[in-house]
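Structural overview
So the chains spell out like this:
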Amino acid sequence: MMNYTYFGYLLLMIFIVSSYAVKSKHNWFAILSFSLLLGIRGCGIDYPAYRSLFLYLYNSPYALFNPNYYQLDLGSVNFEWLYLILIKILKAFSMPTFVFLMLIAFLQIFFCDLFIQRFKDYRQKMLLAYFFFTSLLFVECFNTMRQMVAFFMLINLLPYLASCNLKKYIGGNLLLYLVHSSTFVLLPIYFFMRKNIFANEKRLIGIYVLCVVLAKVLVQYLQEFSYFLYTLLASLGLRAFSYMDTSNDALNEQNITSNTNIGTIGYYLILLIFIVFNGEQFKRKYDKLGIVLFNMTYIGFIVQNFVFNVGIQRFNYYFFYMSFIVLALISYENLVRNKVPFSMKLYTLAVLMLSLAWFTNSILAGAAGCAPYQLCVDFK
């Protein structure tokens, strides 16, 4: 069953990547196929909680106006008001659960496609679609559904950050907050993310390796400090503080084990070296936007070593997964430009193949509950 799921996802990736060879304003094949696949699925770690809370809010006449609905034992999902309004609309038309999930999936892929379409060369678009799958953003869409909508909206705001358009960036972030409340962390980055603060290649690699080593020593103390903050601030009732809870030993151990696995460390190091040693050329080519993307990606790789609870993991999504853009655009420049050394072209091809292997391993391991693929209970 798992093998069938993998080959199904692989075919979807091939078709979607290939579809970007066709010039169009929007790639409706990618948008509709992705929305359908994720809309009718019944797998993913968060799926049961989403379904349970949707049905509760759908069936209760007062739940949409009840600020204490999140106290119910329905999982760890708390919907923002934007989703509450959407559920109310779906209720008016007697729509089932899968329509709600399909709309979330539609928003994810629509904003992803909106960013991809900013680029003119079809090869840039194809590589962006390729790394969307192999960087595991595809897998994350099964699980952190609302946050992935916010992430793909965010990447469309980055040109405003790069061009110093404060009003549009702040306005866009206020909208992001309605999509996922964790996005408040993104407001301060406007004031420093355009600066070329990560420049020395050897130093950047050295800092990263040092962080890999330090993470093994410090993670236990960071867990204890996080739980202290959680017990201190949880009474305020803000969901952001609940992310500091480190009492879920199984989940925390899974995060720590994943990030300290020798295969994971090696793979991330290969990617980071590739990004860092092509960084200055990337920044010159893509100017301020390139600097913003590079900075956020590097910060994401550093923080990824210290992921020991859900809160850090969720906040780091906005930084670490910028790598799908950076990897795609650097790969494009290396494979298209004639002046790139042959050794770097081989390195680029190796990154492409390793990323495919990473995708394969993650699907076969059922990352984020994405596999084996199952239909939602609405069809049973």
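Residues numbered from 1 in each chain as written. Predicted model: local features only at pLDDT ≥ 70, side-chain atom pairs only at ≥ 80, totals over all residues. Heavy atoms only, no water.

1. Observations concerning the confidence of the model for the protein chain
Heads up, the condition is: Along the chain, pLDDT gives the predictor's confidence residue by residue, from 0 to 100. The secondary structure listing takes helices from DSSP runs of H or I that are at least 4 residues long and strands from runs of E that are at least 2 residues long, numbered from the N terminus. It only takes one pair of heavy atoms within 4.5 Å for two residues to be counted as in contact.
Chain-level pLDDT for the protein chain is 87 on average; 84% of the residues reach the 70-or-more range. Per-element confidence in the protein chain is highest for helix α6 (residues 122-134), whose mean pLDDT is 98, and lowest for helix α12 (residues 249-260), whose mean pLDDT is 50. This model gives residues 67-76 a pLDDT under 50, and the stretch forms 15 contacts once residues within four places in sequence are excluded. Scored below 50 in pLDDT, residues 249-253 shows 6 contacts in the model against residues more than four places distant or in partner chains.

2. Regarding the nonpolar core
A general feature of soluble globular proteins is that nonpolar side chains tend to end up buried together. As a reminder, the rule being used: In plain words, nonpolar cores are sets of buried Ala, Val, Leu, Ile, Met, Phe, Trp, Tyr and Cys residues tied together by side-chain atoms within 4.5 Å. Any residue under 20% of the maximum accessible area for its type is buried, any over 50% is exposed, and the rest in between are partly exposed; the area is computed with a 1.4 Å probe on protein chains only.
With 124 residues, the main nonpolar core has Phe 100, Phe 132, Phe 138, Phe 151 and Phe 152 as its most contacted residues. Sorting elements by how many residues they give to this core places helix α8 (residues 145-162) first, with 13 residues. The contacts of Phe 100, once residues within four sequence positions are left out, are Tyr 50, Phe 54, Phe 79, Tyr 83, Leu 86, Ile 87 and Leu 90.

3. Some thoughts on the packing of helix α14 (residues 279-304) against helix α15 (residues 310-320)
Defined as follows: Between N-to-C directions, angles span 0 to 180 degrees; the directions come from axes that are lines fitted to C-alpha atoms, helices contributing only their stretch in contact. The scheme is simple: roughly parallel for angles under 35 degrees, roughly antiparallel for over 145, roughly perpendicular for 65 to 115, oblique for anything else. Note on convention: near helix rotated counterclockwise from far helix by under a right angle means a left-handed crossing. Clockwise means right-handed. Here the nonpolar group is Ala, Val, Leu, Ile, Met, Phe, Trp, Tyr, Cys and Pro; Asp, Glu, Lys and Arg are the charged ones; every other residue, Gly included, is treated as polar.
In contact at an axis separation of 7 Å, α14 and α15 are set at 150 degrees when each is read in the N-to-C sense. On the basis of their axis angle, the class for α14 and α15 is roughly antiparallel. The element α14 and its partner α15 pack so that their crossing is left-handed. Contact with α14, carried on its side by Met 296, Thr 297, Ile 299, Gly 300, Phe 301, Val 303 and Gln 304, involves Ile 312, Asn 316, Tyr 318, Phe 319 and Phe 320 of α15 and no other residues of that element. For the contact of α14 with α15, the class distribution of residues is 8 nonpolar, 4 polar and no charged.

4. Overview of the packing of aromatic side chains
Our working rule: Only Phe, Tyr and Trp rings are paired, with Trp represented by its six-membered ring, and only when their centres lie within 6.5 Å; those with planes under 30 degrees apart are stacked, over 60 edge-to-face, the remainder tilted. Should the NZ of a Lys or the CZ of an Arg lie within 6 Å of a ring centre and within 35 degrees of the ring normal, that charge is described as sitting over the ring.
All chains considered together, the criterion is met by 36 aromatic pairs. When the ring of Tyr 190 is compared with that of Phe 191, the centres are 5.3 Å apart and the planes differ by 85 degrees; the resulting orientation is edge-to-face. Taking relative accessible area as the criterion, Phe 191 reaches 54% and is therefore assigned exposed. Among the aromatic residues, ring-to-ring pairing joins Tyr 6, Phe 7, Tyr 9, Phe 34, Phe 132, Phe 133, Phe 138, Phe 142, Phe 151, Phe 152, Phe 359 and Tyr 373 into one connected group. A cation over an aromatic ring shows up here: Arg 194 above the ring of Tyr 190, its NZ or CZ 4.6 Å from the ring centre. If you follow Lys 283 out to its NZ or CZ, it ends over the ring of Phe 294, 4.1 Å from the centre.

5. Brief notes about a nonpolar patch on the surface
Our working rule: Think of a patch as exposed residues, more than 30% relative accessible area, with no salt bridge, where like charges cluster within 9 Å and nonpolar side chains (Val, Leu, Ile, Met, Phe, Trp, Tyr) cluster within 5 Å. For accessible areas, the Shrake-Rupley method is used with a probe of radius 1.4 Å. Any residue's cover is judged against the shown protein chains and nothing else. Each reported salt bridge corresponds to a side-chain nitrogen of Lys or Arg within 4 Å of a carboxyl oxygen of Asp or Glu.
A surface patch of nonpolar side chains, amounting to about 550 Å² of accessible area, comprises Leu 166, Ile 170, Leu 174, Phe 191, Phe 192 and Ile 197. Inspection of the secondary structure puts Ile 197 in the loop between α9 (166-179) and α10 (201-233).

6. Describing the side chain of Asp 46
With respect to the secondary-structure elements, Asp 46 resides in the loop between α2 (28-39) and α3 (47-59). In this structure Asp 46 touches Asn 143, Thr 144, Met 145 and Arg 314, once residues within four positions along its chain are discounted.

7. With respect to the packing of α8 against α14
Their axes nearest at 8 Å, the elements α8 and α14 cross at an angle of 120 degrees. In terms of orientation, α8 and α14 fall into the oblique class. Regarding α8 and α14, the two cross each other, and that crossing is right-handed. Where α8 approaches α14, its residues Leu 158, Pro 159, Leu 161 and Ala 162 are matched on the opposing element by Lys 288, Leu 289, Val 292, Leu 293 and Met 296. Of the residues that constitute the contact of α8 with α14, the class distribution is 8 nonpolar, no polar and 1 charged.

8. Focus: unusual backbone geometry
A cis amide bond, omega 0 degrees, links Ala 371 with the succeeding residue Pro 372. Along the chain, Pro 372 turns up in the segment after α17 (342-364). For Leu 136, which is not a glycine, the phi torsion comes out positive at approximately 80 degrees. Secondary-structure assignment places Leu 136 in the loop between α6 and α7 (137-143). Classification of Leu 136 by relative accessible area gives buried; the value is 10%. The phi dihedral of Asp 287 is positive, around 55 degrees, even though this residue is not glycine.

9. Here we look at the pattern of salt bridges
Counted by the stated rule, this structure contains 6 salt bridges. Asp 46 is the partner of Arg 314 in a salt bridge, and the nearest nitrogen-oxygen pair spans 3.6 Å. Here Asp 46 lies in the loop between α2 and α3 and Arg 314 lies in helix α15, a separation of 268 residues in the sequence. Given a relative accessible area of 13%, Arg 314 falls into the buried group. Taking the relative accessible area as the measure of exposure, Asp 46 reaches 11% and is therefore buried.

10. A few points about the environment of Pro 96
The topology assignment puts Pro 96 in the loop between α4 (81-92) and α5 (97-116). The class for Pro 96 is partly exposed, based on a relative accessible area of 31%. For Pro 96, the residues in contact, after removing those within four places along its chain, are Phe 54 and Asp 378.

11. Brief notes about the environment of Phe 301
Mapped onto the elements, Phe 301 comes out in helix α14. Owing to a relative accessible area of 1%, Phe 301 belongs among the buried residues under this scheme. The spatial distance from the C-alpha of Phe 301 to the C-alpha of Tyr 321 is 9.1 Å, given a sequence separation of 20 residues. With residues up to four places along the chain from it excluded, the contact list for Phe 301 reads Tyr 208, Tyr 268, Leu 271, Leu 272, Ile 275, Phe 320 and Ser 323.

12. A look at α6
The following threshold applies: Multiplying 1.5 Å by the helix residue count minus one yields the expected span of that helix. Counted as a polar contact is a pair of N or O atoms within 3.5 Å, where, for protein atoms, one must be capable of donating a hydrogen and the other of accepting one, and residues adjacent in sequence contribute only when both atoms are in side chains.
Its 13 residues give α6 an end-to-end C-alpha distance of 18 Å, which sits within 8% of 18 Å, the value for a rise of 1.5 Å per residue. Where burial is concerned, most of α6 is hidden: 10 out of the 13 residues are buried. Among all positions in α6, only Gln 124, Lys 125, Leu 127, Leu 128, Ala 129, Tyr 130, Phe 131, Phe 132, Phe 133 and Thr 134 are buried. For α6, the N-terminal capping position is held by Asp 121, with its side-chain oxygen 2.8 Å away from the main-chain nitrogen of Arg 123. Looking one or two places after α6, you find Leu 136, whose phi comes out positive at around 80 degrees.

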